[in-house]
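# Remarks on the overall topology
Chain by chain, the residues run as shown.
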Amino acid sequence: MPARVRVEDRECPLSTAMSYVGEWWTILILHDCFDGYTRFDQFEANIGLSSSMLTTRLKALVDNGILTKRAYQERPVRHEYVLTDFGRSLRPVLVAMAAWRNAQLAPGERAMILVDAETGREVEPAVIDPGTGLAVSDPRFAFTAGPAAGAQMRARYAE
C-alpha cells in the first residue's frame, strides 16, 4: 500500500483507492489507457505532461499493479504500458466520474459521452445494487464497519 495513506485511514477503502489514483495526471493517463494508448510518446503528446513527471506517474502505476510494462521494441528498447486486470477494474470508476460530471451539464454542453459502440446510442451509466435494483445513491444505502474493521473504524460507525 502506498505510504501516502495515513495510518488511521489504512483500512478505509476510499483513502486507499485515492492513494492509487487520486492524482489528476494519473486519472488522465488511465483515461488514455482505456482509449487504447500504450506508449510513452502517446501519453506525452496527448496529456502534455513533462517526460520526468510522466515517467514518475507511469512507474507508480506499474508499482501499484495497475499497469504492466513490457518491451515492444529491442533496439533501442522501447516499452508500452498495458492495463492489468486490476487496472481494467478501474474503468467503471472513470465511467462513473465522467457520468457524474456530464449529469451537471445540458446534453449539448457535453464534450465527451459514453455510447454503445454497436448502436451509437448514448448510455447513462448507473451504479446499482443488484439485489434491489436501486441506485446506490439512494439514502437507504450507508457505509458501516465491515468484518475486518479495526477499533477506529468500528467507532466511526458505532452510531
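This text goes with the structure placed above it.
Residues numbered from 1 in each chain as written. Predicted model: local features only at pLDDT ≥ 70, side-chain atom pairs only at ≥ 80, totals over all residues. Heavy atoms only, no water.

## Focus on the nonpolar core
We apply this condition: Among buried residues, those of type Ala, Val, Leu, Ile, Met, Phe, Trp, Tyr and Cys that are joined through side-chain atoms within 4.5 Å constitute a nonpolar core. Note on classification: 1.4 Å probe, protein chains only; a residue is buried when its accessible area is under 20% of the maximum for its type, exposed when over 50%, partly exposed between these limits. Here a helix means four or more residues in a row that DSSP labels H or I, a strand means two or more in a row labelled E, and each is numbered from the N terminus. In what follows, a contact means two residues having at least one pair of non-hydrogen atoms within 4.5 Å.
Membership of the largest hydrophobic core comes to 16 residues, with the highest contact counts inside it found for Ile29, Leu30, Phe43, Leu58 and Leu67. When residues of this core are traced back to their parent elements, those giving at least two are helix 2 (24-34), helix 3 (40-47), helix 4 (51-63) and strand 2 (78-83). Contact partners of leucine 30, with chain neighbours within four places excluded, come to Val21, Leu61, Ile66, Leu83, Leu90 and Leu94.

## As for the environment of leucine 14
As for its placement among the helices and strands, leucine 14 is situated in helix 1 (residues 13-21). By relative accessible area, which is 56% here, leucine 14 ends up exposed. As a C-alpha pair, leucine 14 and leucine 134 span 120 residues in sequence and 22 Å in three-dimensional space.

## Details of the packing of helix 3 against helix 4
Selection criterion: Fitting a line to C-alpha atoms yields each axis, with helices limited to the stretch in contact; the angle taken between N-to-C directions then spans 0 to 180 degrees. By the definition adopted for this analysis, an angle is roughly parallel if under 35 degrees, roughly antiparallel if over 145, roughly perpendicular if from 65 to 115, and oblique otherwise. Here is the rule for handedness: rotate from the far helix to the near one, and if that takes an anticlockwise turn smaller than a right angle the crossing is left-handed, while a clockwise turn gives right-handed. All residues other than Ala, Val, Leu, Ile, Met, Phe, Trp, Tyr, Cys, Pro, Asp, Glu, Lys and Arg, Gly among them, are scored as polar; the first ten of these are nonpolar and the last four charged.
Axis separation between helix 3 and helix 4 bottoms out at 11 Å; the angle between their running directions is 120°. Viewed along their axes, helix 3 and helix 4 adopt a mutual orientation that is oblique. Judged by the sense of rotation from one axis to the other, the crossing of helix 3 with helix 4 is right-handed. In this structure, helix 3 uses Phe40, Phe43 and Glu44 to contact helix 4, whose residues at the interface are Ser51, Leu54, Thr55 and Leu58. Considered class by class, the residues forming the contact of helix 3 with helix 4 number 4 nonpolar, 2 polar and 1 charged.

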